[in-house]
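Observations on chain architecture
The chain contents come next:
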Amino acid sequence: MKTFREDFLWGGATAANQFEGAWDADGKGPSVSDMCTSGSYTNPKRITPVFEEGVLYPSHEAIDFYHHYEEDIALFAEMGFKTFRLSIAWTRIFPTGTETEPNEAGLAFYDRVFDACRKRNIEPLVTISHYEMPYGLVEKYNGWADRACIDAYVRYCETIFARYQDKVKYWLTFNEINMGTLPMGSVLSLGTVKGYSGPLMGAPDNPQERFQALHHQFVASAKAVRLAHEKYPQFKMGNMSLFATMYPYTCNPDDVVETQRQMQMTNWFCSDIQVRGAYPYYAQRYFEENGIEVRMEPGDEAILREGTVDFYTFSYYMSNCVAKNPAAEETSGNGLGGLKNPYLEASDWGWQIDPKGLRYTLNEIYARYGIPVMVVENGLGARDEKAEDGSVNDDYRIEYLKKHIEQMREAAADGVDLMGYTPWGCIDLVSASTGEMAKRYGFIYVDKYDDGTGTLERSRKKSFYWYQKVIRTNGADLENE
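Residues numbered from 1 in each chain as written. Predicted model: local features only at pLDDT ≥ 70, side-chain atom pairs only at ≥ 80, totals over all residues. Heavy atoms only, no water.

Scanning the protein chain from N- to C-terminus turns up 14 helices and 19 strands. In summary, the protein chain has a C-alpha radius of gyration of 21 Å against a globular reference of 23 Å for 481 residues, a match within 12%. Seen along its three principal axes, the alpha-carbon backbone of the protein chain occupies a region of about 60 × 55 × 50 Å. For the protein chain, the share of sequence-separated contacts (at least 6 apart) that also reach a separation of at least 24 residues comes to 74%. (Helix = DSSP H or I, 4+ residues; strand = E, 2+ residues; numbered from the N terminus. Rg over C-alpha atoms; globule rule 2.2 N^0.38 Å. Contact = heavy atoms within 4.5 Å.)

So this is what it looks like as structure tokens:
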């Protein structure tokens, strides 16, 4: 039976704003995430236009990868990582996003990080923008609502492409770009929250502004891809989507059609543009019914056509059910909720666990696009407990990952060109949705807590040794001993 390819990219995934810390070190400016407070499952994180006294902003220290990168990358190498997905903090390079000259100290930091990876034969997989647009662009332009952000982003790409052309091969333009199709995307993804103070999920929603801002991201992404293809043919450029797999709640045709409609605009819309190079047919009716008119400038359509990606990447945590007239219990999830599936269990945060849904999703993606696919986020957020001897027995995480890797193996056997797997939060970090440390994903435990205390000491969980074996056997041995 066909299994994972020999050059399969096993690794792990992180984001600068959730684990680097050193938020204002060496010339770095504030990002949108730096303006977000801590929160929890029951107490929403907030964004504030100015820092409030006595309030914890968890990204400011996070787990301080900035000063621990050598130690952390050595641990990744010990596990056997072939690749490490990380993001560059835009505001380390251009502190407000508006500068014409980059910050050399920021560039030098990533030189050191990439060199540390290369020294250990780890291929960096770099997300160019991962929920950390410069807050200066929010204040000046209301984020991506203004086309000026396209030029700012392209200038940033020109800088990092030139600097790291010999150190980075794989690039992703925007993290979970389809978050912009959802109201909560206005804060983290689009930055269209000038002057807003309040809950992350509670920002005023303006669909016209949101889809216009998203269009600007599409143009920026396509320009970055086109630039890479023209000047750096060694680069491989990818997109990155949040994939929220949906099933009809019943076989009532109304539920089936409603599921198809939601799948189109939530899961396919952005990648249809980034992979196929044009707005899909079904978007027109959605725009008409929701009073949205996307304004394009001459040349935008050509840019989208010319800037299509080389490979498709996505996050997969869960699935949900959809009904036209829901009467079932709702559940939460990564970015959006849905109806509870009676056949599935859920995590402590209410995210439904659906390994077979990953195989289904991989097949759907590959059938649609026919380009290499990579799962760049997947994992279980849980309340890990440290034993007296310092160990963390996270069998629940091993079981979760084992079942998902089994289904990836099935998808590879189905014929999907699956190129890699980077579980989310391979080292404990700050949760993007809740701003807490208690929701841990990592193979590596970090001594850091929700009140901001902790020694930042790193230690290996049981899953560390299990994943080490998985990588060593190229996914053949998934047993938990």
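With that settled, consider the packing of aromatic side chains. If you walk through the whole model with that rule in mind, you get 54 aromatic pairs. Where Trp144 meets Phe174, the ring centres are 5.5 Å apart and the plane angle is 80 degrees; that geometry is what we call edge-to-face. You can see Trp144 sitting in the loop between helix 5 (135–141) and helix 6 (148–164) and its partner Phe174 sitting in strand 5 (residues 170–174), a full 30 residues away along the chain. When its relative accessible area of 1% is taken as the criterion, Trp144 is described as buried. The class for Phe174 is buried, based on a relative accessible area of 3%. Considering the side-chain rings of Phe243 and Phe314, the 6.1 Å spacing of their centres and the 70 degrees angle between planes classify their relative orientation as edge-to-face. Linking Phe243 in the loop between strand 8 (241–242) and strand 9 (245–248) with Phe314 in strand 10 (residues 312–315), this pair joins segments that are 71 residues apart in sequence. Note that Arg155 overlies the ring of Phe94, its terminal NZ or CZ placed 5.9 Å from the centroid. In this arrangement the basic side chain of Arg440 is found over the ring face of Tyr445, its NZ or CZ atom lying 4.2 Å from the centre. (Phe/Tyr/Trp six-rings, centres within 6.5 Å; stacked < 30°, edge-to-face > 60°. Buried < 20%, exposed > 50% of the residue type's maximum accessible area, 1.4 Å probe, protein only. Lys NZ or Arg CZ within 6 Å of the ring centre and 35° of its normal.)

Attention now moves to the nonpolar core. Core analysis: the biggest nonpolar cluster contains 146 residues, and Phe161, Trp171 and Phe269 have the highest contact counts within it. Among the elements that line this core, the one with the most residues is helix 8 (residues 207–231), at eleven residues. If you look at the next biggest cluster of nonpolar residues, it comprises nine residues, including Leu125, Leu172, Met374 and Val376. (Core = buried A, V, L, I, M, F, W, Y, C linked by side-chain atoms within 4.5 Å.)

Time to look at the pattern of salt bridges. According to the stated counting rule, one finds 36 salt bridges in the structure shown. One salt bridge connects Arg118 with Glu123, and the closest N-O pair in it is separated by 2.9 Å. Given the relative accessible area of 17%, Glu123 is considered buried. Among the ionic pairs, Glu481 bridges to Lys469, the shortest N-O distance being 3.4 Å. Here Lys469 lies in helix 14 (residues 462–472) and Glu481 lies in the segment after helix 14, a separation of twelve residues in the sequence. Here the salt bridges share partners, and the residues they tie into one network are Asp384, Asp394, Arg397, Asp428, Arg440 and Lys461. (Salt bridge = Lys/Arg side-chain N within 4 Å of Asp/Glu carboxyl O.)

With respect to the helices, strands and loops of the structure, Thr245 is situated in strand 9. A polar side-chain atom of Thr245 sits 2.6 Å from a polar atom in the side chain of Thr361. Leave out the neighbours within four places in its chain, and Thr245 touches Asn267, Tyr316, Met318, Ser319, Asn320, Gly357, Tyr360 and Thr361. (Polar contact = N/O pair within 3.5 Å; in protein donor to acceptor, adjacent residues only side chain to side chain.)

Glancing now at the packing of helix 2 (residues 65–79) against helix 14. When two helices pack together, their arrangement is given by the angle between their axes and by how far apart the axes lie. Remark: helix 2 packs on helix 14, axes separated minimally by 8 Å, with the N-to-C direction vectors making an angle of 55 degrees. Classified by the angle between their axes, helix 2 and helix 14 sit oblique to one another. Listed contacts from helix 14 to Leu75, Glu78 and Met79 of helix 2 are Phe464, Tyr467, Gln468 and Ile471. Residues belonging to the contact of helix 2 with helix 14 are distributed by class as follows: five nonpolar, one polar and one charged. (Axes fitted to C-alpha atoms, helices over the stretch in contact; angles between N-to-C directions. Parallel < 35°, antiparallel > 145°, perpendicular 65-115°, else oblique. Nonpolar A, V, L, I, M, F, W, Y, C, P; charged D, E, K, R; others polar.)

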